[in-house]
Amino acid sequence: MFINIHTHRQIYDAKIELVNHNPESTEKSNFYSYGLHPWHLQKEDVLWQLDNLRRVSGEKKCLAIGECGLDKVCPVDFELQTEVFEEQIRLANAIQKPLIIHCVKAFNELINCLNMNDNNVPVIIHGFNNNENIAKTLSDQGYSFSFGKALLSYDSNASKVIRKTGRKRLFLETDDSDVSIKYVYKKASELLGIDEEILKEQIKANFENLFQVRV
Ligand SMILES: [Zn+2]
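Reference entry: report on the structure contained in this document. Please read these numbers as outputs of a predicted model, since none were measured by experiment.

Quick notes on the overall build of the protein chain
Point 1. A tally of helices and strands in the protein chain yields seven helices and eight strands.
Point 2. Since a compact globule built from 215 residues should have a radius of gyration of about 17 Å, the 16 Å found for the protein chain is in line with a globular shape.
Point 3. Its C-alpha atoms give the protein chain principal-axis dimensions of roughly 50 × 35 × 30 Å.
Point 4. Classification of the 215 residues of the protein chain by burial places 39% in the buried group.
Point 5. The long-range share in the protein chain, meaning contacts at least 24 apart out of those at least 6 apart in sequence, stands at 67%.

Quick look at the sheet that holds strand β2 (residues 16–20)
Point 1. Read from one edge to the other, the open sheet built from eight strands follows the order β1-β2-β3-β4-β5-β6-β7-β8, with strand pairing classed as parallel. The two strands at the open ends of the sheet, each matched to only one other strand, are β1 (3–7) and β8 (170–172). This sheet shows a mean twist of 25 degrees between the axes of neighbouring strands, independent of strand direction.
Point 2. Pairing of β2 with strand β3 (residues 31–34), which is carried by three bridges, proceeds in the parallel orientation. Across the sheet, residue L18 finds its bridge partner in β3, namely F31.

A closer look at the environment of R214
Point 1. Within the fold, R214 resides in the segment after α7 (196–211).
Point 2. Spatially, the C-alpha atoms of R214 and E173 are 19 Å apart, while their sequence positions differ by 41 residues.

What to know about the nonpolar core
Point 1. L18, L99, I101, L110, I125, F147 and L172 are the most contacted members of the largest nonpolar core, which totals 54 residues.
Point 2. With six residues, strand β4 (residues 62–71) is the single largest residue contributor to this core.
Point 3. Residue contacts for L18: discarding those within four places in its chain leaves N4, I5, H6, F31, Y32, S33, L63 and A64.

Remarks on α7
Each full turn of the α-helix corresponds to 3.6 residues, which orients residues three or four apart in the same direction.
Point 1. Along its 16 residues, α7 runs 22 Å from first to last C-alpha, staying within 8% of the 22 Å computed at 1.5 Å per residue.
Point 2. Those residues of α7 lying buried are I203, F207 and L210. Down the axis of α7, the buried set is contained in an arc of 80 degrees. They therefore lie on one face. Facing away from the buried surface of α7 by more than 90 degrees, the exposed residues are E197, I198, E201, A205 and N209.
Point 3. Of the surrounding secondary structure, the elements contacted by the buried residues of α7 are β1, β7 (144–147) and β8.
Point 4. Positioned one or two residues after α7, Q212 has a phi angle of 55 degrees, which is positive.

Some details on the environment of L99
Point 1. Looking at the secondary structure, you find L99 in strand β5 (residues 99–104).
Point 2. Counting along the chain gives 20 residues from L99 to N119, while the straight-line C-alpha distance between them is 9.8 Å.
Point 3. Apart from the residues lying within four places of it in its own chain, the contact partners of L99 are A64, I65, G66, C68, I89, A92, V121 and V123.

Analysis parameters
- Residues numbered from 1 in each chain as written.
- Predicted model: local features only at pLDDT ≥ 70, side-chain atom pairs only at ≥ 80, totals over all residues.
- Helix = DSSP H or I, 4+ residues; strand = E, 2+ residues; numbered from the N terminus.
- Rg over C-alpha atoms; globule rule 2.2 N^0.38 Å.
- Buried ≥ 20, exposed ≤ 12 C-beta atoms within 10 Å, placed from the backbone.
- Contact = placed C-beta atoms within 7 Å.
- Pairing = 2+ DSSP bridges.
- Axes fitted to C-alpha atoms, helices over the stretch in contact; angles between N-to-C directions.
- Core = buried A, V, L, I, M, F, W, Y, C linked by C-beta atoms within 7 Å.
- Expected span 1.5 Å × (residues − 1).
- Arc of directions from axis to C-beta.

Have a look at this one:
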């Protein structure tokens, strides 16, 4: 079975698609995640958005909080990003659901925020496409990695580090791209040098283990 750990719309291309829930759309997919993305934060809206998140995140089909995190390249005030991210870490820990992380050029701050808030829920770094040193630092913290379309570009960081991050911490995704998850699996199995069926079994086991569900 194919599992897409992070997509922005349900496309029925995988048995399980963890759809990043959009509050504007009323339709909720089978499984979804919900979080406040650092790109879209506006100070005046944050309080009601967090209230909304607290309500939605308690639902059974909401498997994770996110995507949320820190982004030093986007223009949103970094202090506001940090405050809102910390709220989401505390919420995830209060309800014991994993975090799906968006992080750009702020990995040290990310680790600090998580550790300062005594995070003990699983962390998945989504769309990972950074170098081996960063991968090692995150790996040492026990985080998992989700790789997406960057695997398809020859010579990308993702296509090099996927062999080093460990199969037990591995997930695959399409994010907001039009690439089929099936193609991402195919590419990942080539890069890892393993049969695609073995890869599917591994990711299924990883999914069940991390989200504490049977699929
Ligand atoms: Zn995304």
